[in-house]
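Below are the chains, spelled out letter by letter.
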Amino acid sequence: MADAANLIVLAAGDNVGIALRDIPAGDVAATLSGLSLRAEEAIPQGHKIALNDIAAQQDVVRLGMPVAITREAIARGHLVHVHNVASRYLNNDEDHYE
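Scoring rules and cut-offs
- Residues numbered from 1 in each chain as written.
- Predicted model: local features only at pLDDT ≥ 70, side-chain atom pairs only at ≥ 80, totals over all residues.
- Heavy atoms only, no water.
- Helix = DSSP H or I, 4+ residues; strand = E, 2+ residues; numbered from the N terminus.
- Buried < 20%, exposed > 50% of the residue type's maximum accessible area, 1.4 Å probe, protein only.
- Contact = heavy atoms within 4.5 Å.
- Areas by Shrake-Rupley, 256 points an atom, 1.4 Å probe, with all protein chains shown as cover.
- Pairing = 2+ DSSP bridges.
- Axes fitted to C-alpha atoms, helices over the stretch in contact; angles between N-to-C directions.
- Polar contact = N/O pair within 3.5 Å; in protein donor to acceptor, adjacent residues only side chain to side chain.

Notes on the overall build of the protein chain
Next up, step 1: When helices and strands are tallied, the protein chain shows one helix and nine strands.
Next up, step 2: Each helix and strand of the protein chain, placed in order from N terminus to C terminus, yields the pattern β-β-β-β-β-β-β-β-β-α.
Next up, step 3: The buried share among the 98 residues of the protein chain stands at 36%.
Next up, step 4: Pairs at least 24 residues apart make up 43% of the contacts formed inside the protein chain by residues separated by at least 6 positions.
Next up, step 5: Here the protein chain has roughly 5400 Å² of accessible surface; of this, 52% comes from carbon and sulfur atoms.

This is the structure we're talking about:
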């Protein structure tokens, strides 16, 4: 059912999904294709959620491309954002993009 989808994964091989709307902590994040996982913390609309455990110093892959590198390990279901990744393209301390 379409109204149950609150998450999109942009490409095969991505290790993050994008929240289509706010996903409260404890809710299920789910795609139309059937992927689902528990949001372990609140995921704001447009932000990334880890689809699986991502080790420290590993690539964050979105749309099939590495867009960031983890500063620390990020567990499945957790928010992937400036507090735990460094952008591959911008200085997080000044640009606050990722």
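The structure having been displayed, the exposition proceeds.
A word on the pairing of strand β6 (residues 59-62)
Next up, step 1: As judged from the four bridges shared by β6 and strand β7 (residues 65-70), these two strands associate in the antiparallel manner. Each bridged residue has a counterpart across the sheet, and for R62 the counterpart in β7 is M65.
Next up, step 2: Counted along the chain from β6 to the antiparallel partner β7, the turn is two residues long, and its residue L63 has a positive phi close to 55°.

Overview of the sheet that holds strand β9 (residues 85-87)
Next up, step 1: Here we have three strands laid out as an open sheet, ordered β6-β7-β9, and antiparallel in their pairing. Edge strands, defined here as strands with exactly one partner in the open sheet, are β6 and β9. Each adjacent strand pair in this sheet contributes to an overall mean axis angle of 40°, direction not counted.

Overview of the side chain of T31
Next up, step 1: Here T31 lies in the loop between β3 (28-30) and β4 (36-38).
Next up, step 2: Within the structure, T31 has its side chain in polar contact with the side chain of S33 (distance 3.0 Å).
Next up, step 3: Beyond its immediate stretch of four places on either side in the chain, T31 contacts A5, L7, I8 and V9.

Remarks on the side chain of T70
Next up, step 1: Structurally, T70 is set in strand β7.
Next up, step 2: Taking relative accessible area as the criterion, T70 reaches 0% and is therefore assigned buried.
Next up, step 3: A polar contact of 2.6 Å, which involves the side chain of T70, links it to the backbone oxygen of A55.
Next up, step 4: Polar side-chain contacts of T70 include one of 2.8 Å to the backbone nitrogen of Q57.
Next up, step 5: With near-sequence residues (within four places) excluded, T70 lies in contact with I54, A55, A56, Q57, Q58, V60, N84 and V85.

Some remarks on the environment of R88
Next up, step 1: With respect to the helices, strands and loops of the structure, R88 is situated in the loop between β9 and α1 (92-95).
Next up, step 2: The sequence separation of R88 and I69 amounts to 19 residues, and the corresponding C-alpha distance is 6.8 Å.
Next up, step 3: If we skip the residues at most four places from it in the chain, R88 touches D59, P66, V67, A68 and I69.

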